[in-house]
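Architecture and fold: a report
Chain by chain, the residues:
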Amino acid sequence: MAKGYVIAHAKVTDPDKWAKYVAKSKVALDKFGGTPIVRGGKCRIMEGNGTERNVVLEFPSYEAAEGYATSPEYAEAKKEREGAGTIDIVVVEGV
């Protein structure tokens, strides 16, 4: 079975508020067996517009990644993120 990934590109405007979102989203991450592979860190945009904050979460399956992103636990965490920045998130299946 192929793994699933949640890939996010974000612009953080309120780091304190964003940190609360990240902490609260750990409940959903743990529930669905997710592991952070990339979470912020050093970044160099090589082509295109890009973003400075990138996140890759690995899950045991596509279904688990989708479950994380659509879970009530994650919905609660998202409330903490309101007004703290912008984010684009996709769920993808690994190879």
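Residues numbered from 1 in each chain as written. Predicted model: local features only at pLDDT ≥ 70, side-chain atom pairs only at ≥ 80, totals over all residues. Heavy atoms only, no water.

1. Looking at the overall build of the protein
Put simply, the rule reads: In DSSP terms, a helix is any run of H or I states spanning at least four residues, a strand is any run of E spanning at least two, and both are numbered starting from the N terminus. The size measure is the radius of gyration over C-alpha atoms, and the globule rule it meets is 2.2 Å times the number of residues to the 0.38 power. The classification of residues rests on relative accessible area computed with a 1.4 Å probe and restricted to protein chains. Under 20% of the type maximum is buried, over 50% is exposed, and intermediate values are partly exposed. Any two residues whose heavy atoms approach within 4.5 Å are treated as being in contact. In this tally, Lys and Arg are treated as positive and Asp and Glu as negative; His is ignored, and so are the chain termini. For the purpose of locating charges, the reference atoms are NZ of Lys, CZ of Arg, CG of Asp and CD of Glu.
Across its full length, the protein holds 3 helices and 4 strands. Starting at the N terminus, the α and β elements of the protein follow one another as β-α-β-β-α-α-β. In terms of overall size, the protein behaves like a compact globule, its C-alpha atoms giving a radius of gyration of 13 Å where 95 residues would be expected to give roughly 12 Å. Along the first, second and third principal axes, the C-alpha set of the protein runs to 35 × 30 × 15 Å. Of all 95 residues assigned to the protein, the portion counted as buried reaches 29%. For the protein, long-range pairs separated by at least 24 residues make up 76% of all intrachain contacts whose partners lie at least 6 apart in sequence. Of the charged side chains in the protein, 14 are positive and 14 negative, and the gap between their average positions amounts to 5 Å.

2. What to know about the packing of aromatic side chains
Rules: Stacked, tilted and edge-to-face are the three classes applied to pairs of Phe, Tyr and Trp rings, where Trp contributes its six-membered ring and a pair requires centres within 6.5 Å; stacked means planes under 30 degrees apart, edge-to-face means over 60, and tilted covers the rest.
In this structure the tally under the stated criterion is 4 aromatic pairs. Judged by centre distance (5.3 Å) and plane angle (75 degrees), the rings of Trp 18 and Tyr 21 are edge-to-face. Note that Trp 18 and Tyr 21 are positioned in helix H1 (residues 15-31) at a spacing of 3 residues, about one turn of the helix. A relative accessible area of 5% means that Trp 18 is categorised as buried. Assessed through its relative accessible area of 7%, Tyr 21 is described here as buried.

3. Here's the deal with the sheet that holds strand S4 (residues 85-93)
Defined as follows: Here, a strand pair is defined by DSSP locating no fewer than two bridges between the strands. Convention adopted: a line fitted to C-alpha atoms gives each axis, helices being fitted over their contacting stretch, and angles between N-to-C directions are expressed from 0 to 180 degrees.
Strands sit in the order S2-S3-S1-S4 across an open sheet of 4 strands; the sheet is antiparallel. Of all strands in the sheet, those with a lone pairing partner are strand S2 (35-39) and S4, marking the two edges. Neighbour-to-neighbour, the strand axes of this sheet turn through a mean angle of 15 degrees, independent of strand direction. Sheet topology places S2 next to strand S3 (residues 53-59); 4 bridges connect them, and they run antiparallel. Counterpart to Pro 36 in the pairing with S3 is Leu 57. Across the sheet, helix H2 (residues 62-70) lies against strand S1 (4-12), S3 and S4, angled at about 155 degrees from S4, the strand it touches most.

4. Section: the side chain of Glu 58
Using the following cut-off: The definition of a polar contact used here is a pair of N or O atoms within 3.5 Å, where within protein one atom must be able to donate a hydrogen and the other to accept one, and adjacent residues in sequence count solely through side-chain atom pairs.
Here Glu 58 is to be found in strand S3. Overall, Glu 58 belongs to the buried group, its relative accessible area being 18%. A polar contact of 2.8 Å, which involves the side chain of Glu 58, links it to the side chain of Tyr 5.

So yeah, pure geometry; function would need other evidence.
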